[in-house]
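# Descriptive structure summary
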Amino acid sequence: MVAFLGLAPFVWLWSVALARGSYGLAVLAWYGTGRLFLEPLHEEPSIVFGRVRIDRVVAALLALCAGGALALVAAASLPAVRLYDNNPAHLWNRLHASLFVRVTADGREYGADRVDPLLWVGSRYLLQGPSHVQAITLLNEFIETHGEQLLRDPLKRGILQRDLWTVFDWLEGSHAPYQQPQLIPEVVRKGVEDLRQPLATVIARLALTPEEIRTLPDNYAATARPNALPPDLFQPDGPWVSVGRPDGPIARHHLRDDGPGKNSVFLVLIRLPGGRDATLKYLDALRSFSGPLWMHDANQDYPNPNLPQFPVGTQVALVRRALLIDSTGRIAPTRLTEQVQLRTHRAISAMTAQEFADAQRIDENMFARAGQDFEEFSLSRAALFGERAGGLLPLAALDRFFLTFSSHGVDFFDMRSGQSSLATQDDPAHAAKLGCKDCHGAPGVYSFNSYVPFRLAGPGFTQAPRLSEISLVDAERVAVAWKQQQVDWGRLQPLLRGPLKLRDHPGQRQP
C-alpha cells in the first residue's frame, strides 16, 4: 500500500518537463522510500549494527540523496526569473517564466522581460506538451494556495494581470499551421479549453479596485526626463496633438493584428515644427483634401503627389498604454505606458511613381531613403519595479528583438530547424528599425498610416478618415468601447464573474 501511494507523485512527475536523468532520480527516490518502510516487515533483518538496521539506513540515504538531487535538477530546469521577488522559486516568478520565457535547443533563454509574450499564430507553445502541463500546474497552484495574497503591491498585481490577460487573448485568437509539425485543430481546442478557466480565475483574483488603478504611476513622465523622449508629449495644449478618427480607434493595423499586445490604448500623436497651431491647421488641410488618393499611369499606381505634405522636422509618436480589469469586472485605462515609437522626418522627397516604387523595396537603405530617424522604448518590468527611468528603456538595452506584430506567424522556438539562427540576428534597435520601415518607408505623409496606409492598402483604398484632435480621455473611452466588442472579451467576461466575488475585500489589502 505504501509503495502504491509512493507512485502517485512519480506519476505526476512524469507529466512535468524536467532535465534528462530526472526520472531516473525519481525512481531511485521512490525505491529508497519504499524500502525504508518495507524493511521493518522482515522478521529477520539481514544486517544490524546494535539496534540499527543498516538496510533501512541505506534506503533512507538513497531516498534523501536521490530526492535532493531531483530537487536541484528541477530548480535548475526553471528559468531564473527574479522580477516579482528576488527568489526565482517565488510562485509569481515561476508563473511568469512559464508563460514568457522561451528556450532554444542550446539552452539560451529569451523573453523574460519582454513587453509581450513570444507567442505567434503558429505557436504550439502552451497549447500542448510540457509547456502546457507546466502552465496549468502553476495556475492551479496559484488558485489553490491563493497566490494573489503573496504580494500586495498594486503595481506588481496590475502588471501580472496585464500579462495573463495578454496570454488569454492570444489563446482566444487565431491558430494556424504555419510550420512543421502542424497544429492539430483538436489539440488546439483542448489546449485552449484547459487553460481558459485557470487563466481567467487568476486574472480576476489579481484585480485592483478602480481607485488603485487610478493611482498607478505615470511611468512615461519618469522616463522622459533622463531619456530622449519628449517631455511635453502629453502636455495639455502643448505642441503635440493626439489624433483620432470618428469611426473608432486610430491604430487599426495594430489592433487587427493576430499577434499579442492588443489590450492597450493606442495613441497617435503628431507635432509639426510650427507647434500646436501649425499641427491643427495641417490636420484641417488633410480633412479638406478632396482630390483622389491615387494616381494611375501606364506602368504603376502611386499616391497623389498633391496630397497636403507636412514639413521636414515633423515628428510622429505611437504610444501604447495598458488596460486592466478592475475589481468590478470592468475594463479600465491606466497611466502605465508600455511602448513608445518615435519617428522624426529629417528629409521628405516629392512623391513620384519611382519614389513609391523605391518605397516598396525592402533593404538596409529603406529608412535612409525615407529620410526618417526611428526610436523605440519598451516596458521593462525589472526597471519599472526598481523605479529606474520609469521602466521604459530603449530597445538597445533590452532582450534581442523578435517580431510578433505583423509577422508571418512562425514560432522560431517551435521550429526544429533554424534554432541556431536566433543567435545571429540583428541587435534589438536595428531589427526593430527594419521591421518598422516595412510599413513606414514612404516619404512624409505617405508613411502616416493613420491617415492612409499607402504601402499596405493599395489603390483599392479610396476613402481617407477625417482625422482630428482627440483628448486622452476620449481616446481611452474609444479603446475601452472597442475592446468590449471583441470576441475574446466576450469569452473572458463570464469566466471572471465567479472569481471576482471570491477575491479579497479591498479593505483587507496592505500597502
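Residues numbered from 1 in each chain as written. Predicted model: local features only at pLDDT ≥ 70, side-chain atom pairs only at ≥ 80, totals over all residues. Heavy atoms only, no water.

Across the sheet, which stays open at both edges, the 7 strands sit in the order β12-β11-β10-β9-β6-β5-β13 with antiparallel pairing between neighbours. Each edge of the open sheet carries a strand with a single partner, namely β12 (392-394) and β13 (468-469). Bridging between strand β6 (residues 264-271) and strand β9 (residues 315-325) involves 8 bridges; their strand directions are antiparallel. Residue L269 lies in a different strand from β9, and its bridge partner there is A317. (Pairing = 2+ DSSP bridges. Helix = DSSP H or I, 4+ residues; strand = E, 2+ residues; numbered from the N terminus.)

Before going further, it helps to spend a moment on empty space enclosed by the protein. On inspection of all chains with the given rule, the structure shows 2 cavities of 30 Å³ or more. Each pocket or cavity is described by its volume, and for the largest cavity that value is around 160 Å³. Along the wall of the largest cavity there are 20 residues; nearest its centre are P249, I250, F266, A475 and V478. Counting residues per element, the ones that place at least two in the lining of the largest cavity are β5 (241-244), β6 and α17 (472-484). Ranked by residue count, the leading element in the lining of the largest cavity is β6, at 5 residues. (1 Å grid on protein atoms, 1.4 Å probe; cavity = no way out; pocket = protein on both sides within 12 Å on 5 of 7 lines; lining within 4 Å. Points joined across faces, edges and corners; volume = space filled by probe spheres on them.)

With respect to the helices and strands, E338 occurs in strand β10 (residues 331-345). Here E338 is in contact with V115, R162, N263, S264, R320, R321, A322, F377, S378, L379 and L392, once residues within four sequence places are set aside. (Contact = heavy atoms within 4.5 Å.)

A few words on the environment of T462. Among the structural elements, T462 can be located in the loop between α16 (454-457) and β13. By relative accessible area, which is 58% here, T462 ends up exposed. For the pair formed by T462 and V452, sequence separation is 10 residues and the distance between their alpha carbons is 8.9 Å. (Buried < 20%, exposed > 50% of the residue type's maximum accessible area, 1.4 Å probe, protein only.)

Inspection of the secondary structure puts R245 in the loop between β5 and α10 (252-256). Residues R245 and S450, 205 residues apart in the sequence, show an inter-C-alpha distance of 8.8 Å. If we skip the residues at most four places from it in the chain, R245 touches I250, R252, S450, P465, R466 and L467. Polar contacts involving the side chain of R245 include one to the side chain of D247, which spans 2.6 Å. (Polar contact = N/O pair within 3.5 Å; in protein donor to acceptor, adjacent residues only side chain to side chain.)

Glancing now at helix α4 (residues 91-100). Burial of α4 is extensive: 10 of the 10 residues sit out of reach of the surface. Of the positions making up α4, those classed as buried are L91, W92, N93, R94, L95, H96, A97, S98, L99 and F100. Lining the buried residues of α4 we find β3 (102-103), β4 (109-110), α5 (129-144), α6 (154-171) and α14 (381-385).

Moving on: the nonpolar core. Among the nonpolar cores identified, the biggest contains 77 residues, and L126, L164 and L492 are the most heavily contacted of them. Counting residues per element, this core draws most heavily on α6, which supplies 9 residues. Ignoring any residue separated from it by four or fewer positions in sequence, one finds L126 in contact with S98, L99, L119, S131, H132, A135, V167, W170 and L195. (Core = buried A, V, L, I, M, F, W, Y, C linked by side-chain atoms within 4.5 Å.)

Helix packing geometry: the angle between the two helix axes and the distance between the axes. Two numbers describe how α4 lies on α5: the axes approach to 9 Å, and their chain directions differ by 155 degrees. If you check the angle between α4 and α5, you find them roughly antiparallel. Considering only the axes of α4 and α5, their crossing is left-handed. In contact with L91, W92, R94, L95, S98 and L99 of α4, α5 contributes Q134, A135, L138, L139, E141 and F142. Of the residues assigned to the contact of α4 with α5, the class counts are 8 nonpolar, 2 polar and 2 charged. (Axes fitted to C-alpha atoms, helices over the stretch in contact; angles between N-to-C directions. Parallel < 35°, antiparallel > 145°, perpendicular 65-115°, else oblique. Left-handed = near helix turned anticlockwise from the far one by under 90°. Nonpolar A, V, L, I, M, F, W, Y, C, P; charged D, E, K, R; others polar.)

Despite not being glycine, L126 shows a phi value in the positive range, around 75 degrees. Inspection of the secondary structure assignment puts L126 in the loop between β4 and α5. The residue D237 is not glycine, and still its phi comes out positive at about 60 degrees. Summarising the element assignment, D237 is placed in the loop between α9 (219-224) and β5. Relative accessible area serves as the criterion here: at 66%, D237 is assigned to the exposed category.

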